[in-house]
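Summary of structural features
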Amino acid sequence: MMLLLSLLEFLLDAFNPIALFVLQFFRDPPRQIPEGAKLVVSPADGRIVAVTKATDPYLKREALKISVFMNVFNVHSNRSPVAGEVREIWYH
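Here we summarise the structure given alongside this text. Quick caveat, the model's predicted, so the values are computed rather than measured. (Residues numbered from 1 in each chain as written. Predicted model: local features only at pLDDT ≥ 70, side-chain atom pairs only at ≥ 80, totals over all residues. Heavy atoms only, no water.)

Glancing now at the overall build of the protein chain. Counting secondary structure elements, the protein chain contains one helix and two strands. Each helix and strand of the protein chain, placed in order from N terminus to C terminus, yields the pattern α-β-β. At 21 Å, the protein chain has a C-alpha radius of gyration far larger than the 12 Å of a compact globule built from 92 residues. Along the longest, intermediate and shortest principal axes, the C-alpha atoms of the protein chain span 65 × 35 × 30 Å. Looking at the protein chain as a whole, 7% of its 92 residues qualify as buried. Within the protein chain, residue pairs in contact and separated by at least 24 positions form 54% of the contacts whose partners lie at least 6 positions apart. Summing over all exposed atoms, the protein chain offers an accessible surface of approximately 8,700 Å²; the carbon and sulfur share of this is 64%. Positive and negative side-chain charges in the protein chain, numbering 10 and 9 respectively, have mean positions lying 11 Å apart. (Helix = DSSP H or I, 4+ residues; strand = E, 2+ residues; numbered from the N terminus. Rg over C-alpha atoms; globule rule 2.2 N^0.38 Å. Buried < 20%, exposed > 50% of the residue type's maximum accessible area, 1.4 Å probe, protein only. Contact = heavy atoms within 4.5 Å. Areas by Shrake-Rupley, 256 points an atom, 1.4 Å probe, with all protein chains shown as cover. Lys, Arg positive; Asp, Glu negative; His and termini not counted. Charge placed at Lys NZ, Arg CZ, Asp CG, Glu CD.)

The final tally for this structure, using the stated rule, is one salt bridge. Across the pair D45 and R31 runs a salt bridge, and its minimum N-O distance is 2.7 Å. One end of the pair, D45, is in the loop between α1 (2-25) and β1 (47-56); the other, R31, is in the loop between α1 and β1, and 14 residues separate them in sequence. You can call R31 partly exposed: its relative accessible area is 37%. (Salt bridge = Lys/Arg side-chain N within 4 Å of Asp/Glu carboxyl O.)

Turning our attention to the side chain of S77. Secondary-structure assignment places S77 in the segment after β2 (61-69). Judged by its relative accessible area of 16%, S77 falls in the buried class. The contacts of S77, once residues within four sequence positions are left out, are R27, D28, P43 and A44.

What follows is about unusual backbone geometry. Unusually for a residue other than glycine, K60 sits at a positive phi of about 55°. You can see K60 is positioned in the loop between β1 and β2.

Our next topic: the pairing of β1. The buried fraction of β1 is low, at one of 10 residues. Bridging between β1 and β2 involves nine bridges; their strand directions are antiparallel. If you follow T52 over to β2, its bridge partner there is K65. In sequence, β1 turns back onto β2 through a hairpin of four residues, with K60 there showing a positive phi of about 55°. (Pairing = 2+ DSSP bridges.)

Moving on to the environment of K60. Given the relative accessible area of 64%, K60 is considered exposed. For K60, the side chain forms a polar contact with the main-chain oxygen of P57, separated by 2.7 Å. (Polar contact = N/O pair within 3.5 Å; in protein donor to acceptor, adjacent residues only side chain to side chain.)

Here it is, written out as structure tokens:
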């Protein structure tokens with residue numbers, strides 16, 4: 001019985017840091033979203049690492065690609081960067 005309790009205590013001690021990391025990584029705090037007709041807000045926390053022209057693979061047209069790097073301390077919840085309406089959905 002003591003061995004089982006010791007094993008359980010060891011497992012709890014080992015998984016507490018992992019559980020805390022997972023809770024911190026997937027947190028979703030409320031955000032104050034600025035308002036404006038032509039405003040584009042970043043969809044994620046992090047640092048912009050590249051702004052390049054690219055080709056949209058679905059619409060076959062030129063697009064602007066903005067790459068955001070997120071480290072483990074950033075909030076990993078993505079949001080819609082602009083207001084809009086979904087008119088069509090493609091599933092591949």
